Amino acid sequence: MYFSKHNEKTVYINHYSGLLEVEGEGALCKEDAEAWPTSDRNWQSEYNVLCVKEGITGLCEGYLESFPKIGCLILSRTVGFIDTSPELDKRLCKNKVLIRGEYDTYAEEFAREKGLKFLHCDIHLADDDIEIAHEHDIITLRFHEKGAPDIHYNCFTPGSSAGSYGGGEYCRELPKDFYAGCSIEQFADNFPERLREQLLGNEMLRRFLTAANKRIK
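Residues numbered from 1 in each chain as written. Predicted model: local features only at pLDDT ≥ 70, side-chain atom pairs only at ≥ 80, totals over all residues. Heavy atoms only, no water.

Participant: What is the right way to read the environment of leucine 73 from this model?
Facilitator: Looking at the secondary structure, you find leucine 73 in strand β8 (residues 72-75). By relative accessible area, leucine 73 is classed as buried at 2%. Each residue touching leucine 73, except ones within four places of it in the same chain, is listed here: Leu50, Val52, Leu64, Ile82, Val97, Leu98, Ile99 and Arg100. (Helix = DSSP H or I, 4+ residues; strand = E, 2+ residues; numbered from the N terminus. Buried < 20%, exposed > 50% of the residue type's maximum accessible area, 1.4 Å probe, protein only. Contact = heavy atoms within 4.5 Å.)

Participant: Would you take a moment to explain the packing of aromatic side chains for this structure?
Facilitator: Aromatic rings considered in pairs are described by the distance between their centres and by the relative angle of their planes. Overall, the coordinates contain 17 aromatic pairs when judged by the stated rule. Ring centres of tyrosine 106 and phenylalanine 110 lie 5.9 Å apart, and the angle between their planes is 40°; this geometry places the pair in the tilted category. Taken together, the residues span about one helical turn, with tyrosine 106 and phenylalanine 110 both in helix α2 (residues 106-114) at a distance of four residues. On the numbers, 6.0 Å between centres and 25° between planes, the contact of phenylalanine 178 with phenylalanine 208 is stacked. (Phe/Tyr/Trp six-rings, centres within 6.5 Å; stacked < 30°, edge-to-face > 60°.)

Participant: I'm lost on unusual backbone geometry in this one. Help?
Facilitator: A negative phi angle is the norm for most residues apart from glycine, just as the trans form is the norm for most peptide bonds. Across the junction of tryptophan 36 and proline 37, the peptide omega takes the value -10°, indicating a cis bond. Residue placement: proline 37 occurs in the loop between β5 (35-36) and β6 (49-52). Unusually for a residue other than glycine, lysine 96 sits at a positive phi of about 50°. Within the secondary structure, lysine 96 is located in the loop between α1 (86-94) and β10 (98-101).

Participant: What's the story with the environment of threonine 78 in this structure? I'm lost.
Facilitator: Among the structural elements, threonine 78 can be located in the loop between β8 and β9 (81-82). Taking relative accessible area as the criterion, threonine 78 reaches 29% and is therefore assigned partly exposed. C-alpha separation for the pair threonine 78 and alanine 211, spaced 133 residues apart in sequence, amounts to 17 Å. Those residues in contact with threonine 78 that lie beyond four places of it in its chain are Lys53, Glu54, Gly55, Ile56 and Thr57. Here glycine 55 takes part through its backbone nitrogen, which lies 3.0 Å from a polar atom of the side chain of threonine 78. (Polar contact = N/O pair within 3.5 Å; in protein donor to acceptor, adjacent residues only side chain to side chain.)

Participant: Even after reading the chapter, I still don't get the layout of surface pockets, so can you show me in this structure?
Facilitator: Taking a probe equal in size to a water molecule and rolling it over the atoms shows the remaining empty space. In this structure, the largest pocket spans a volume of roughly 930 Å³. For the largest pocket, the lining is made up of 29 residues, of which Leu19, Glu21, Cys51, Ile74 and Asp122 are closest to its centre. Those elements that place two or more of their residues in the lining of the largest pocket are β3 (19-23), β6, β8, β10, β12 (123-130), β13 (135-142) and β14 (150-158). As for the second largest pocket, its lining consists of 16 residues, of which Tyr103, Leu119, Phe143, Lys176 and Tyr179 are closest to the centre. (1 Å grid on protein atoms, 1.4 Å probe; cavity = no way out; pocket = protein on both sides within 12 Å on 5 of 7 lines; lining within 4 Å. Points joined across faces, edges and corners; volume = space filled by probe spheres on them.)

Structural data, given as structure tokens:
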């Protein structure tokens, strides 16, 4: 985890997978990309996916330039603007940067304006606690550039000894048009009853199903 030297409310959560999440409030400026504790002046080059979380309203000129290796930019629905330069626009196109976010938000508008590919962001559906197995599952609806969408289960269980953890991951592939004519109630019918309240209260899922069905020709 890194903290911006410029704004204490700007926090970076780093993942070994190449994903970097940034949390904060308001617009991020160029100076927000300078962080601590890190001894590497070019630490931003270690990441190829930048996820801008809810609460951040925009990216000011110079901010994205600080992340030269980004191949995928994930924007929350609170992001309303990104200031770019002609040089950055060229780099985004040259690197074929994928823009991800929700339908009918600035993320999709930005991709269209810059001639970049857009893909709906993954949707965290629910957390499932299976008490009889002492298991905790994180369930996510995932979308892929190539291939069908799927439901991903990240399962956590107690290990064979004290202080250790087990578990695993598995996926359930979906038809590409799984959302066609599907209400959130019908979608929830595919899961155990214990998850129904979480699913019906999932506003991102509800927005996706509504928007995706409107796009069916």
